[in-house]
Amino acid sequence: MNARAVCVIDLDALAANLSALRRALAPGVRICAVVKADAYGHGAATCARTLAASGVDWLATASLEEARVVRSAGVATPLLVLGGIEPSRAAVEEACRLDVVPALLDADETAALATVVPAGQRLRVHLKIDTGMSRAGLTPTEARDLVPLLRDGPFEVHGIYSHLACADAPDPGSWRQQLAGFEVASADLAAVGVRPTLRHLANSAGLLADHALHLDMVRPGLALYGHRPQPDLGAAVNLSPVMEFATWISQIRTLPPGTGVGYGWTWRARRQTRLATLPVGYAQGYSRGLSNRGEVALRGQRAPVVGNISMEHTTIDVTEIPEARAGDRVLLWGAGPEAPDVMALGCAAETIGYELLTGVAPSVRRVPRGHLSDAPESVAKTTGREDGEVSFDGSR
Ligand SMILES: *Cc1c(COP(=O)(O)O)cnc(C)c1O
């Protein structure tokens, strides 16, 4: 099989991160693992299976389509559909068949949904309250107006939640304000008979920032995949990166001083330079924002990205690594002290690590660690081809 790159997914690290987060919670606080966007690019089916086997209480996807993937993987864990479902009979039937819990995010859609739930049936839902994200969810007033439908309609309001906008900021002001708004909204609903079992608010940042945000359940995504929303957040919680994004050197050339590299010649050799070409680019999810800013690791050392990243190629300066050879395995990001940190790369690319993780192209194979030798010897199985592509026959 020809491969430009591979994502090695460390499912043991995923399970260990879940345990580490569990230990940071008071007993009885549930964990809802967010596996939207193909589990942040890690592969929703395998991640959901691992999390379920490790005793996660809930899972969350963005859509019914994603929920289908989780259920097809044989995972029966309670599942929240954060984006809700469309108000159609078919969607309600599928939600029931998959045994998933859609969020209610909008007053009109909730009214429309109520008309398509089959008579005699009650759809289990979680109410999403907007307490300051201003993106999706019912305002507290809209939720109040829906009370007759929530109390007497075809719904079982099993949960109520909100989403934090700034829990990764150093100042607790914003999240205390959101927490207070959430408490008021849920107390108002309770006073008129809408008393959900589960109240939840915290994403990874909220989980790591403040115990007051944990309530009945927390909803981490990023932290499960081994990253902190801010480098100093929750330093006492031990997390390890789950994804390693790796490629290989396809060619090495020596450039005389003054030679321009890549589209636009945005980088020029100042000295005689050994330049290595990697067969990945932004089409595989190695963000163009890392042009002249990223760093990779090979043979335990760092090498800078030089020149613009193109669709299928990236160039790195390996002058300081004279032992570098075509076929060497190259870490774009991953775990371990020598691997570049995806969150730091996100900053370097003027985006966030989340976008890099979720941006790895579907064409890049996700391989559970242990199914592929990640020792340097595995590069012996790579062979250069005339188009510069690396052919790798160790992957399954
Ligand atoms: C994505 C998402 C989360 C998880 O956020 P992280 O920052 O990755 O922990 C939690 N709740 C909701 C509603 C989300 O959309």
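Calculation criteria
- Residues numbered from 1 in each chain as written.
- Predicted model: local features only at pLDDT ≥ 70, side-chain atom pairs only at ≥ 80, totals over all residues.
- Heavy atoms only, no water.
- Disulfide = S-S within 2.5 Å.
- Buried < 20%, exposed > 50% of the residue type's maximum accessible area, 1.4 Å probe, protein only.
- Pairing = 2+ DSSP bridges.
- Helix = DSSP H or I, 4+ residues; strand = E, 2+ residues; numbered from the N terminus.
- Axes fitted to C-alpha atoms, helices over the stretch in contact; angles between N-to-C directions.
- Near = heavy atom within 4 Å.
- Polar contact = N/O pair within 3.5 Å; in protein donor to acceptor, adjacent residues only side chain to side chain.
- Areas by Shrake-Rupley, 256 points an atom, 1.4 Å probe, with all protein chains shown as cover.
- Nonpolar A, V, L, I, M, F, W, Y, C, P; charged D, E, K, R; others polar.
- Contact = heavy atoms within 4.5 Å.
- Salt bridge = Lys/Arg side-chain N within 4 Å of Asp/Glu carboxyl O.
- Phe/Tyr/Trp six-rings, centres within 6.5 Å; stacked < 30°, edge-to-face > 60°.
- Domains from an automatic or database assignment.
- Buried area = accessible area lost by both parts, 1.4 Å probe.
- Core = buried A, V, L, I, M, F, W, Y, C linked by side-chain atoms within 4.5 Å.

### Considerations on the state of the cysteines
In the structure shown here, the tally under the stated rule is zero disulfides. As a non-bridged cysteine, Cys7 has Cys47 as the owner of its nearest cysteine sulfur, 11 Å distant. Taking the relative accessible area as the measure of exposure, Cys7 reaches 0% and is therefore buried. Here Cys347 is not disulfide-linked; the sulfur of Cys166 is the nearest cysteine sulfur, at 17 Å.

### Observations concerning the sheet that holds strand 17 (residues 314–317)
Pairing is antiparallel across the open sheet formed by three strands, whose spatial order is 11-14-17. The outermost strands of the open sheet, each flanked by one partner alone, are strand 11 (251–255) and strand 17. Ignoring strand direction, the axes of neighbouring strands in this sheet form an average angle of 30°.

### Some words on the site of the ligand
Surrounding the ligand, one finds Val34, Lys36, Tyr40, Leu82, His163, Asn203, Ser204, Arg219, Pro220, Gly221, Leu222 and Tyr354. A distance of 2.7 Å separates an oxygen atom of the ligand from a polar atom in the side chain of Tyr354. About the coverage of the ligand: the protein hides 92% of its 390 Å² of free accessible area. Looking at the shell around the ligand residue by residue, the class counts come to six nonpolar, four polar and two charged.

### Side note on the side chain of Ser162
Following the sequence through the fold, Ser162 ends up in the loop between strand 7 (155–161) and helix 9 (173–191). Separated by 2.6 Å, the side chain of Ser162 and the backbone oxygen of Ile129 make a polar contact. The residues contacting Ser162, other than those within four sequence positions of it, are Lys128, Ile129, Asp130, Thr131, Phe182, His200, Leu201 and Arg219.

### A short note on the pattern of salt bridges
Summed over the entire model, instances satisfying the criterion amount to 14 salt bridges. Close ionic contact of Glu350 with Arg293 constitutes a salt bridge, the shortest N to O distance being 2.8 Å. You can see Glu350 sitting in the loop between helix 11 (342–348) and helix 12 (353–359) and its partner Arg293 sitting in the loop between strand 14 (273–278) and strand 15 (295–298), a full 57 residues away along the chain. Residue classification places Glu350 among the exposed positions, given a relative accessible area of 65%. When salt bridges with common partners are traced through the structure, they connect Asp10, Glu244, Arg329 and Arg369 into a single cluster.

### What to know about the packing of aromatic side chains
Applying the stated criterion to the full structure yields three aromatic pairs. Chaining the aromatic ring pairs together yields one cluster made of Tyr40, Tyr225 and Tyr354.

### A look at the domain arrangement of the chain
Domains assigned within the chain are domain 1 (25–225) and domain 2 (243–379). Placing the centre of domain 1 and that of domain 2 at their C-alpha centroids yields a distance of 38 Å. At the interface, five residues of domain 1 touch six residues of domain 2. Across the interface of domain 1 and domain 2, roughly 640 Å² is buried in total on both sides, 72% from carbon and sulfur atoms. For the domain 1 face of the interface with domain 2, the top three residues by lost area are Tyr40, His42 and Leu222, together amounting to 65%. Between domain 1 and domain 2 we count one residue pair in polar contact (both at pLDDT 80 or more) in total.

### Some remarks on the environment of Thr77
Mapping Thr77 onto the fold places it in the loop between helix 4 (64–72) and strand 4 (79–81). Distance from Thr77 to Asp99, taken between C-alpha atoms, is 9.3 Å for residues 22 residues apart in sequence. Not counting residues within four places of it along the chain, the set of residues in contact with Thr77 comprises Ala52, Val56, Asp57, Trp58, Leu59 and Arg71.

### Notes on the nonpolar core
Ranked by size, the top nonpolar core spans 118 residues in total, and within it Leu59, Tyr286, Val296, Leu298 and Trp333 carry the most contacts. No other element matches helix 1 (residues 11–23), which puts six residues into this core. Within the second largest apolar cluster, nine residues are counted, among which are Ala3, Val6, Leu331 and Ala339.

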